[in-house]
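# Reading the structure
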Amino acid sequence: MSNYHVVMEAAWLVRDVEDIDDAIGVAVSESGRRLNEADKEYVDVEVGLTDCPACGEPFDSAFIAASSALVGLVLEIDIFNAENEEHATRIAKSEVGGALRDVPLEVIQTIETGEGDDDDE
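The residue numbers shown here count from 1 along each chain, following its written sequence. Reporting of local features is limited, given that this is a predicted model, to residues whose pLDDT is at least 70; pairs of side-chain atoms are given and counted only at 80 or more, and all residues count toward the totals for whole chains, interfaces and linings. Hydrogens are left out, water is left out, and the side-chain values use all remaining heavy atoms of the structure.

- The chain is annotated in an unreviewed UniProt entry as UPF0212 protein ACFSAU_10685 of Halolamina litorea.
- UniProt positions are given in the numbering used here, feature names are shortened, and annotations may be inferred rather than shown by experiment. According to the UniProt record, the Sequence similarities (unreviewed entry) comment for the chain is "Belongs to the UPF0212 family."

Here you go:
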């Protein structure tokens, strides 16, 4: 059994906003509140980055049209004692997806962080 650090991307929709900073603030706040209400305080939430197609420089992953914003969030969680990488990603999606119902999630990175506890001894 191993431990893993799983990074996911979420697409968060924010309505009735005029400013990118407000949209990002609402998305991070609402997602954090929903995770905390589900006792998932251990999930880290940050705004994602997107590379500019023209210059390649990263910028906040948020877009506003018609007073509605789509904000890309990055969610990070540590998974302990998973059988393998696939098992860790399934656990992570289940943990976070249960708290953030109807929010699209995609695993973007899974890193093995070490050996887990062996209960077989």
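### Quick notes on the overall build of the chain
- Summing up its helical and strand segments, the chain has 2 helices and 7 strands in all.
- Working definition: helices are DSSP H or I runs of at least four residues, strands are E runs of at least two. Numbering for both runs from the N terminus. Listing the helices and strands of the chain from first to last along the sequence gives β-α-β-β-β-β-β-α-β.
- Each principal axis of the C-alpha distribution contributes one length, and for the chain these read about 60 × 35 × 15 Å.
- Only protein chains enter the accessibility calculation, which uses a 1.4 Å probe. A residue is then buried if its area is under 20% of the maximum for its type, exposed if over 50%, and partly exposed in between. Counting across all 121 residues of the chain, residues that qualify as buried make up 36%.

### Brief notes about the nonpolar core
- Core analysis: the largest hydrophobic core is formed by 27 residues, its most contacted members being Val6, Val71, Ile77 and Val96.
- Those elements that place two or more of their residues in this core are strand E1 (2–15), helix H1 (20–37), strand E6 (68–82) and helix H2 (85–99).
- At 7 residues, the largest contribution of residues to this core is made by E6.
- The contact rule is simple, with two residues in contact once any of their heavy atoms fall within 4.5 Å. Beyond its immediate stretch of four places on either side in the chain, Ile77 contacts Tyr4, His5, Val6, Met8, Tyr42, Val43, Ala92, Glu95 and Val96. We call a set of buried residues a nonpolar core when its members are Ala, Val, Leu, Ile, Met, Phe, Trp, Tyr or Cys and they connect through side-chain atoms within 4.5 Å of each other.

### Details of the environment of Val71
- Note that Val71 resides in strand E6.
- A relative accessible area of 0% means that Val71 is categorised as buried.
- A sequence separation of 28 residues divides Val71 from Ala99, and the C-alpha atoms of the two residues are 18 Å apart.
- Once you skip the residues sitting within four places of it in the chain, Val71 turns out to touch Ala10, Ala11, Trp12, Val14, Ala23, Ile24, Ala27, Val47, Ser61 and Ala62.

### Observations regarding the pairing of strand E5 (residues 62–65)
- Across 4 bridges, the pairing between E5 and E6 is antiparallel. Residue pairing in the sheet places Ile64 in a bridge with Ala69 of E6.
- Counted between consecutive antiparallel strands, the loop separating E5 from E6 contains 2 residues, among which Ala66 sits at a positive phi close to 55°. The pairing criterion for strands is at least two bridges between them, as found by DSSP.

### A short note on the environment of Ile24
- Here Ile24 is to be found in helix H1.
- Judged by relative accessible area, which is 11%, Ile24 ranks as buried.
- Sequence separation between Ile24 and Asn36 is 12 residues; the distance between their C-alpha atoms is 18 Å.
- Apart from the residues within four sequence positions on either side, Ile24 is in contact with Val47, Asp60, Ala62 and Val71.

### Focus on a negative patch on the surface
- Negative charge collects at one region of the surface, where Asp16, Glu18, Asp19, Asp21, Asp22 and Asp60 lie side by side.
- Inspection of the secondary structure puts Glu18 in the loop between E1 and H1. The patch calculation keeps residues exceeding 30% relative accessible area without a salt bridge and links them within 9 Å when they carry like charges or within 5 Å when they are nonpolar (Val, Leu, Ile, Met, Phe, Trp, Tyr). Each accessible area value is a Shrake-Rupley result obtained with a 1.4 Å probe; residue values ignore everything except the protein chains displayed when judging cover. Whenever Lys or Arg places a side-chain nitrogen within 4 Å of a carboxyl oxygen from Asp or Glu, that contact is recorded as a salt bridge. Charged-residue counts in this description rest on Lys and Arg as positive and Asp and Glu as negative, His and the chain ends being excluded. Positions of charges follow a simple convention, taking NZ of Lys, CZ of Arg, CG of Asp or CD of Glu.

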